[in-house]
Amino acid sequence: LLPAAAEDPVSQAWVGAFLQGLALLGWTLGHKVRLDTRWAMTAADIRKHAAELVAFAPDVILAHGAVTVVPLLQATRTVPIVFPVAGDPVAAGLVDSLARPGGNATGFMIFEYSLSGKWLELLKQIAPGVTRAAVFRDPTQGGATSQFAAIQAVAPSLRMEVSPVNMRDAGEIEQTIAAFAGSPNAGLIMTSGPSARLHRDLIITLAARHKLPAIYTERSFVAAGGLISYGADYIDQYRQ
């Protein structure tokens with residue numbers, strides 16, 4: 001269950017890595033394993049597909065992030081669920097703890113929170129004149145506050161001012177970036193979450209238009225034209 005469009009090349013690459021990992025273990029489609037894939041762009045579609053997949057009584061479900069795992073856990077507490085990517089599985093309620101996940105879900109956490117502080121450090125390194133950073137975060141994600149807290153903790157040592165900005169829709173993102181760019185020495189930090197992926201192309205375009213240096217959490221943003229990224233290798237995590 002993937003929170004993306006079926007034609008999205010980034011998500012297709014993740015699935016390709018997953019299939020490659022299966023093949024290396026001798027699991028080939030149509031021979032030893034059957035794969036049913038559902039793509040969904042809205043919360044309603046995710047809930048619908050989650051119910052459908054659980055009704056199939058599969059051996060295991062692969063799901064990307066809390067946005068898909070939470071609806072699946074609402075539908076089943078017995079079918080095993082593996083998430084290649086999750087921001088904070090404990091805060092999102094996917095697992096009981098990192099040491100002992102418990103329940104029927106497990107997978108990869110994409111970062112330890114101190115990594116978030118590195119985003120601000122790297123932004124300052126590549127654009128030393130930047131003194132203010134807007135930190136865009138997804139208010140639907142449990143780890144959004146913790147990501148910002150880690151960034152905020154390192155800001156004084158870098159003589160930086162950081163401001164949290166919630167990403168809700170395209171109009172709000174466009175208005176906020178335009179307003180922030182109106183003052184000098186500004187930069188952007190894009191934290192993880194489905195809203196960032198959904199508005200990826202818009203955010204990259206606006207950063208370029210307003211000449212704002214920006215750092216992202218995932219390589220696909222740079223492949224699409226963004227400046228730099230620092231974070232987990234999703235391809236590797238899907239393969240594992």
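Nothing here was measured: the structure is a model prediction, and the numbers come from that model.

Caption draft 1: Highlighting the environment of Phe148. Relative to the elements of secondary structure, Phe148 occurs in helix H5 (residues 144-154). Assessed through its relative accessible area of 7%, Phe148 is described here as buried. Taking C-alpha positions, Phe148 is 9.8 Å from Val165, a pair spaced 17 residues apart along the chain. The residues contacting Phe148, other than those within four sequence positions of it, are Val135, Arg137, Val162, Ser163 and Pro164.

Caption draft 2: Spotlight on the packing of aromatic side chains. One pass over the full model with this rule turns up 3 aromatic pairs. Aromatic pair Tyr216 and Phe221: ring centres 5.0 Å apart, planes at 10°, arrangement stacked. Grouping residues by exposure puts Tyr216 and Phe221 together as buried. In this structure, Arg137 packs its charged tip against the face of Phe148, placed 5.5 Å from the ring centre.

Caption draft 3: Region of interest: the pairing of strand E6 (residues 186-190). Summarising burial for E6: 5 of the 5 residues are buried, a large majority. Pairing between strand E4 (residues 132-137) and E6: 5 bridges, direction parallel. Bridged to Ala134 within E6 is Leu188. In this structure, E6 lies alongside strand E7 (residues 214-216), joined through 2 bridges in parallel fashion. Within E7, the residue paired with Ile189 across the bridge is Ile215.

Definitions and cut-offs
- Residues numbered from 1 in each chain as written.
- Predicted model: local features only at pLDDT ≥ 70, side-chain atom pairs only at ≥ 80, totals over all residues.
- Heavy atoms only, no water.
- Helix = DSSP H or I, 4+ residues; strand = E, 2+ residues; numbered from the N terminus.
- Buried < 20%, exposed > 50% of the residue type's maximum accessible area, 1.4 Å probe, protein only.
- Contact = heavy atoms within 4.5 Å.
- Phe/Tyr/Trp six-rings, centres within 6.5 Å; stacked < 30°, edge-to-face > 60°.
- Lys NZ or Arg CZ within 6 Å of the ring centre and 35° of its normal.
- Pairing = 2+ DSSP bridges.

Scope: geometric values only; no functional claims are made or implied.
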